[in-house]
Amino acid sequence: MTKADFDWPNLSFGYTKTDQNIRYVWRDGAWDRGTLTADETMPLHMAATCLHYGQECFEGLKAYETRKGDVVVFRIEENARRMIRSCRKILMEPPPEELFIEACYRVINANRKYVPPHGTGASLYVRPLTIGSGAQVGVKPAEEYTFLVFVTPVGPYFKTGFKPVSLIVEEKVDRTAPLGVGDVKVGGNYAASLRAGVAARQQGFADVVYLDAKEKKYIDESGPANFFAITADGQYVTPESDTILRSITNMSLVTLAEEMGLRPKRRPVEVSEIFDFVEAGCCGTAAVITPIGSITYRDRKVDYCPDGQAGKHCTELYERLTAIQTGDAPDPYGWVRIVPE
Ligand code: PLP
Ligand code: COI
């Protein structure tokens, strides 16, 4: 199979057209068999609940080509389960786990030539989404849902790649609320975060660090990724909070940190602790591990990478994680699945 002609090592994180996407519709109590299409647009009822009342959730996972030429995905079952949790939280019909996986595999297979070659640092980003496509005018759940999956080849989310980024602690904007929907991947959380993210970038920061909405005392997460830090006594700490997304990358790093002797700890992390950490990072499917170079909090700034280089723990976590994801290292935890052709 001939690969698409791209400058793979220099891809950014953005949309590039591929050949096909897939849509499944849930109507009268059942999902249909799914339709592959080249159409990048979709007809939608103007009263669809996704347009008015935010019935929408999405997922993000990546497919990689291994050295042997297989195409693999990372912990896809976890994405499937999280989409089920997201759907249930906003009363949408969830695509069952098997259907989610089948849909991703069908789309990846229809776009194999866009899976970046092994060793280029790029990957095929898989974006599943579920929307309320049925019409309602009253505020109530739709009676029809559409589950769609598209793929797009991507490079690093933060344009510097594996280079330290500068973040700022956000105190004026909350993206989620206690007892709200911050623990699931619904579009509204991202809409709520846009103004903070854009303002941060205008000031020269890569993104923000959100605090808990209630007390503004604890770190929640960054805009598109979870937060972790390494303490002086060798712990991997990451926030325990009901208002952040349970990152699959972070779950994996907790396991890898343990393996490295870093004593992982999920606990509330006070923002004042940033001045004591020796390293910090963001983690997520898109962000992978992005080392945090500095965090600005009010009139103070902490610099974790004065020489501009990622710290040794972030580097080792990154290397271990990406080696498993791309098939370069053994997969003792059973995280990787070969996409059947
Ligand atoms: N937090 C937020 C708000 C995200 O959008 C993401 C991305 O999916 C993550 C964390 C990281 O989650 P994961 O590692 O499962 O991609
Ligand atoms: C991901 O990491 O997959 C995300 O969804 C984060 C961002 C692009 C919204």
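(A) Molecular detail of the site of ligand 1. Within the structure, ligand 1 sits among 16 residues, and Tyr 190, Glu 221, Ser 247, Thr 249 and Thr 285 are positioned closest to it. Within the side chain of Ser 247, an N or O atom sits 2.6 Å from an oxygen atom of ligand 1. Side-chain polar atom of Thr 285 to an oxygen atom of ligand 1: 2.5 Å apart, as the coordinates give it. In the complex, 97% of the free accessible area of ligand 1, which totals 380 Å², lies under the protein chains.

(B) Examining the environment of Arg 85 more closely. Within the secondary structure layout, Arg 85 lies in helix H2 (residues 76–89). Arg 85 sits 100 residues away from Lys 185 along the chain, and the two C-alpha atoms are 8.9 Å apart. Look past the residues within four positions of Arg 85 in its chain and what remains in contact with it is Val 184 and Arg 246.

(C) Molecular detail of the nonpolar core. In this structure, Val 73, Ile 76, Phe 100, Ile 108, Phe 147 and Val 149 are the most contacted members of the largest nonpolar core, which totals 39 residues. Sorting elements by how many residues they give to this core places helix H3 (residues 97–110) first, with 8 residues. When near neighbours in sequence (up to four residues on either side) are disregarded, Phe 147 contacts Ile 22, Arg 23, Tyr 24, Trp 31, Met 83, Pro 95, Leu 99, Phe 100, Ala 103, Pro 128, Leu 129 and Thr 130. Phe 158, Leu 167, Leu 211 and Val 271 belong to the second largest nonpolar core, which has 25 residues in total.

(D) How the structure looks around the environment of Cys 50. With respect to the element layout, Cys 50 can be found in helix H1 (residues 49–52). Accessibility expressed as a relative area gives 17% for Cys 50, which makes it buried. Taking C-alpha positions, Cys 50 is 22 Å from Thr 243, a pair spaced 193 residues apart along the chain. Filtering out sequence-adjacent residues up to four positions away, Cys 50 remains in contact with Leu 44, Gln 55, Ile 131 and Gly 132.

(E) Broad picture of unusual backbone geometry. Positive phi is not limited to glycine here, since Arg 75 has a value of about 50°. By the element assignment, Arg 75 lies in the loop between strand E6 (71–74) and H2. Positioned with a positive phi, Arg 298 is a non-glycine residue whose angle comes to about 55°.

(F) Here's a closer look at the site of ligand 2. Phe 13, Phe 58, Gly 60, Tyr 125, Arg 127, Tyr 157, Lys 185, Tyr 190, Pro 224, Thr 285 and Ala 286 make up every residue found near ligand 2. Lys 185 is positioned such that a nitrogen or oxygen atom in its side chain is 2.7 Å from an oxygen atom of ligand 2. Ala 286 has a polar backbone atom sitting 2.8 Å from an oxygen atom of ligand 2. Calculation on ligand 2 without its partners gives an accessible area of 280 Å², and the protein chains cover 90% of this total.

Conventions and cut-offs
- Residues numbered from 1 in each chain as written.
- Chains lettered and ligands numbered in written order.
- Predicted model: local features only at pLDDT ≥ 70, side-chain atom pairs only at ≥ 80, totals over all residues.
- Heavy atoms only, no water.
- Near = heavy atom within 4 Å.
- Polar contact = N/O pair within 3.5 Å; in protein donor to acceptor, adjacent residues only side chain to side chain.
- Areas by Shrake-Rupley, 256 points an atom, 1.4 Å probe, with all protein chains shown as cover.
- Helix = DSSP H or I, 4+ residues; strand = E, 2+ residues; numbered from the N terminus.
- Contact = heavy atoms within 4.5 Å.
- Core = buried A, V, L, I, M, F, W, Y, C linked by side-chain atoms within 4.5 Å.
- Buried < 20%, exposed > 50% of the residue type's maximum accessible area, 1.4 Å probe, protein only.

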